[in-house]
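Here are the chains, one letter per residue:
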Amino acid sequence: MKNYNKNNISIAQALRKNMTDWEKHLWYDFLCDYPVKFKKQQTIGNYIVDFYCAKAKLIIELDGKQHYMVSAISENDVSRQQELEKMGFYVIRFQNSEINKNFNKVCECIHIEVKKRLGKI
């Protein structure tokens, strides 16, 4: 069982109810019916990740424009990803624009990564 900050539970629940359009698209059009179980807005450590597959120890993060501005946000993303990787997770990131322009490619990338993480490639 993974450790998590219990203070984040209510925040994660609110995020699940108020997913972005890009999160909804990825969830309802791919991940919710994927053969390996994913969870949305999952608490891990002190963080809430967009999508999480326990079996593959895989985290998927969707990034809007705010993640690419020159500011503390990008530094926070880097330190957050490093912390998650120290816990043994693999993090893949996609820009919201990739969901819009290359949805099938994003899904293919996720599928390939799950297979790699499960030793099926």
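For the structure itself, look to the data block above.
Computed from a prediction, not measured in an experiment: that's the story for all the values here.

The rules behind these values
- Residues numbered from 1 in each chain as written.
- Predicted model: local features only at pLDDT ≥ 70, side-chain atom pairs only at ≥ 80, totals over all residues.
- Heavy atoms only, no water.
- Buried < 20%, exposed > 50% of the residue type's maximum accessible area, 1.4 Å probe, protein only.
- Helix = DSSP H or I, 4+ residues; strand = E, 2+ residues; numbered from the N terminus.
- Pairing = 2+ DSSP bridges.
- Salt bridge = Lys/Arg side-chain N within 4 Å of Asp/Glu carboxyl O.

*Asks:* What should I look at first to understand the pairing of strand β2 (residues 47-53) in this one?
*Replies:* Residues in a regular strand project their side chains so that they alternate between the two faces of the sheet. Among the seven residues that make up β2, six are buried, leaving the element largely enclosed by the rest of the structure. With five bridges joining them, strand β1 (residues 39-44) and β2 adopt antiparallel strand pairing. Bridging from a neighbouring strand, K39 pairs with Y52 of β2. Counting the residues that bridge the hairpin from β1 to β2 gives two residues, and of these G45 lies at a positive phi of roughly 60 degrees.

*Asks:* What is the right way to look at the pattern of salt bridges in this model?
*Replies:* Once the charged atoms of two side chains with opposite charge are near each other, the side chains can pair. Taken as a whole and assessed by the stated rule, the structure comprises four salt bridges. Notably, a salt bridge pairs R80 with E61, separated by 2.9 Å at the nearest N-O pair. Of this pair, R80 sits in helix α3 (residues 72-86) while E61 sits in strand β3 (residues 58-63); the two residues are 19 residues apart in sequence, bridging distant segments of the chain. The exposure class of E61 is buried, given its relative accessible area of 4%. With a shortest N-O distance of 3.5 Å, K86 and E83 are connected by a salt bridge.

*Asks:* What exactly am I supposed to notice about the pairing of β3 here?
*Replies:* Counting buried positions along β3 yields six of six residues, so the element is predominantly enclosed. In this structure, β2 lies alongside β3, joined through three bridges in antiparallel fashion. In the sheet register, C53 faces β3, and the bridge partner there is L58. Joining the antiparallel neighbours β2 and β3 is a turn of four residues, in which K57 adopts a positive phi near 50 degrees. Where β3 and strand β4 (residues 90-95) come together, six bridges link them in parallel fashion. Among the inter-strand pairings, D63 is bridged to a residue of β4, identified as Q95.

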